[in-house]
Amino acid sequence: MNPLSDRINNLSTSQTLAMAALARELKAQGKDIISLSLGEPDFNTPDFIKEAAKKAIDENYSTYTPVEGYLELKEAICRKFKRDNHLEYTPSQIVVSTGAKQSLYNIAQVMLNHGDEVILPAPYWVSYFEIIKLSGGVPVEVPTSVETDFKITPEQLEAAITPKTKMMWFSSPCNPSGSVYSREELTALAKVLEKYPNIYVVSDEIYEHINFSGTFCSIGSIPGMFEKTITVNGVAKAFAMTGWRIGYMGAPEFIAKACTKIQGQVTSGANSIAQRATITAVDADPSVLKHMVDAFHSRRDLVVGLLKEIPGIKINVPEGAFYVFPDVSSFFGKTLRGHEIKDANDFSMYLLAEANVATVTGDAFGNPNCIRFSYATSEDLLKEALRRIKEAVTNTEVLA
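Residues numbered from 1 in each chain as written. Predicted model: local features only at pLDDT ≥ 70, side-chain atom pairs only at ≥ 80, totals over all residues. Heavy atoms only, no water.

- Within an unreviewed UniProt entry, the label attached to the chain reads Aminotransferase, and the organism entered is Flavobacterium enshiense DK69.
- Turning to the chain, the UniProt record has this under Cofactor (unreviewed entry): "pyridoxal 5'-phosphate".
- The chain has a UniProt comment under Sequence similarities (unreviewed entry) that states "Belongs to the class-I pyridoxal-phosphate-dependent aminotransferase family." (UniProt positions renumbered as here; feature names shortened; annotations may be inferred.)

As structure tokens, this is what we get:
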């Protein structure tokens, strides 16, 4: 008899973390692995944020924090939402959590009953599906493709809605595709949603500042959407603070209170020093991030250009985040160097075995035709990784 719960037995392991762990294991064995699997900036946390953390230690911010976060931090987050997103939240509508992932988990736990459906434009971040499932919800995948820049259309949204639909979750800029929805595209989706007042939207905006499109729009700023949108963000990606573990959400007050209630029974308040440092981060003008954004933009152009030179790989030009999500389906049904390629998972494992490059299968993100590359690493490593990939798929006998 298995003593573990059905809940954990039915939960899938994060494919991004699994591939990263496998890459580390192979490196420990002496293999020259280039890992493009994890979405983590290769920059250090800016010095002005580290100084704020040191000051917090000196000022003895070492006790338990309020469950929903320090008031000063919630006020700073409200200022940030108003400045960057044209969203007028009050501190009572803000909840600070141990990473944006906890914010998402809290939302699912307080909003979903068994059988409630959640629309997921695919591709989507790997954890959305499992968090929704773990909370009793039913993920409803809406497929997109490289030809449409991996964006859902209003017609697709309308077709996916049923009497059981409770929510829609999406990210812009998107992990894994890097797609950024324009204000016009979000307005068109909002026109569909305005017909369904009981459907709430989770807008994951953690990559908002890593955006090469020149503009960014929060769906909560579209007329009629504020009261039915939960905006999730954090400092991990833009400020290179992945290990600090601070995420936050702005939501209708009754949802914020419910999330505070569940967080109070699970983790309580987030790390005190990290919260004090985050006040300084979110109060900073986004222009302080320009050097990182410019570097990601340059890497995006480099990777897209090199991928376009590889026969059989289909790629669009992502407008944000630090990922590319090429379609590799032309290799399915073929045999490369004795490896049978049936799907994206096989192709990803082939690149690991023959090119020593770690990527993540698109299956994990709801798109079985693609794989994800993170370009959050140096240009030299990216050039070498793409050289290896090109050699692995072109300088080889291909058996159909």
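This is not the end of the story, as more comes after the structure.
**Some words on the packing of aromatic side chains**
Here comes step 1: Throughout the structure, instances matching the rule amount to 17 aromatic pairs.
Here comes step 2: Centre to centre, the rings of Tyr-128 and Trp-169 are 5.6 Å apart; their planes meet at 80°, and the pair counts as edge-to-face. Taken as a pair, Tyr-128 in helix α6 (residues 126-134) and Trp-169 in strand β5 (residues 165-171) lie far apart in primary sequence, 41 residues in all. Exposure class is identical for Tyr-128 and Trp-169. Each is buried.
Here comes step 3: Ring centres of Phe-170 and Tyr-181 lie 5.6 Å apart, and the angle between their planes is 85°; on these two criteria the pair is classed as edge-to-face. Taken together, the residues Phe-170 in strand β5 and Tyr-181 in the loop between β5 and α8 (183-193) connect sequence positions eleven residues apart.
Here comes step 4: Here Phe-170 falls in the buried class, since its relative accessible area comes to 5%.
Here comes step 5: By relative accessible area, Tyr-181 is classed as buried at 5%.
Here comes step 6: Through successive ring pairs, a cluster of aromatic residues spans Phe-43, Tyr-207, Phe-296, Phe-322 and Tyr-323.
Here comes step 7: The side chain of Lys-151 reaches across the aromatic face of Tyr-181, ending 6.0 Å from its centre. (Phe/Tyr/Trp six-rings, centres within 6.5 Å; stacked < 30°, edge-to-face > 60°. Helix = DSSP H or I, 4+ residues; strand = E, 2+ residues; numbered from the N terminus. Buried < 20%, exposed > 50% of the residue type's maximum accessible area, 1.4 Å probe, protein only. Lys NZ or Arg CZ within 6 Å of the ring centre and 35° of its normal.)

**Some points on the pairing of strand β3 (residues 117-122)**
The side chains of a regular strand alternate, first on one face of the sheet and then on the other.
Here comes step 1: Judged by how many residues are buried, β3 sits mostly within the fold: six of six residues are covered.
Here comes step 2: Where β3 meets strand β4 (residues 138-143), six bridges bridge the pair, whose relative direction is parallel. Following the sheet pairing, Ile-119 is matched in β4 by Val-140.
Here comes step 3: In this region the chain leaves β3, passes through α6 and returns to the parallel neighbour β4; the handedness of that crossover is right-handed.
Here comes step 4: Where β3 meets β5, three bridges bridge the pair, whose relative direction is parallel. The residue of β5 that forms the bridge with Glu-117 is Thr-165. (Pairing = 2+ DSSP bridges. Right-handed = clockwise from strand over helix to strand, strands pointing away.)

**Some thoughts on the domain arrangement of the chain**
Where the parts come together, the accessible area they lose is often given as the size of the interface.
Here comes step 1: The domains assigned to the chain are domain 1 (6-44 + 289-394) and domain 2 (48-285).
Here comes step 2: Centre-to-centre separation of domain 1 and domain 2, based on C-alpha positions: 26 Å.
Here comes step 3: With 36 residues of domain 1 in contact, the opposing surface of domain 2 contributes 34 residues.
Here comes step 4: Buried surface at the junction of domain 1 and domain 2, summed over both partners, amounts to about 2,900 Å²; 62% is from carbon and sulfur atoms.
Here comes step 5: If you sort the residues of domain 1 by the area they bury against domain 2, Leu-289, Glu-319 and Phe-365 come out on top, with a joint share of 21%. (Domains from an automatic or database assignment. Contact = heavy atoms within 4.5 Å. Buried area = accessible area lost by both parts, 1.4 Å probe.)

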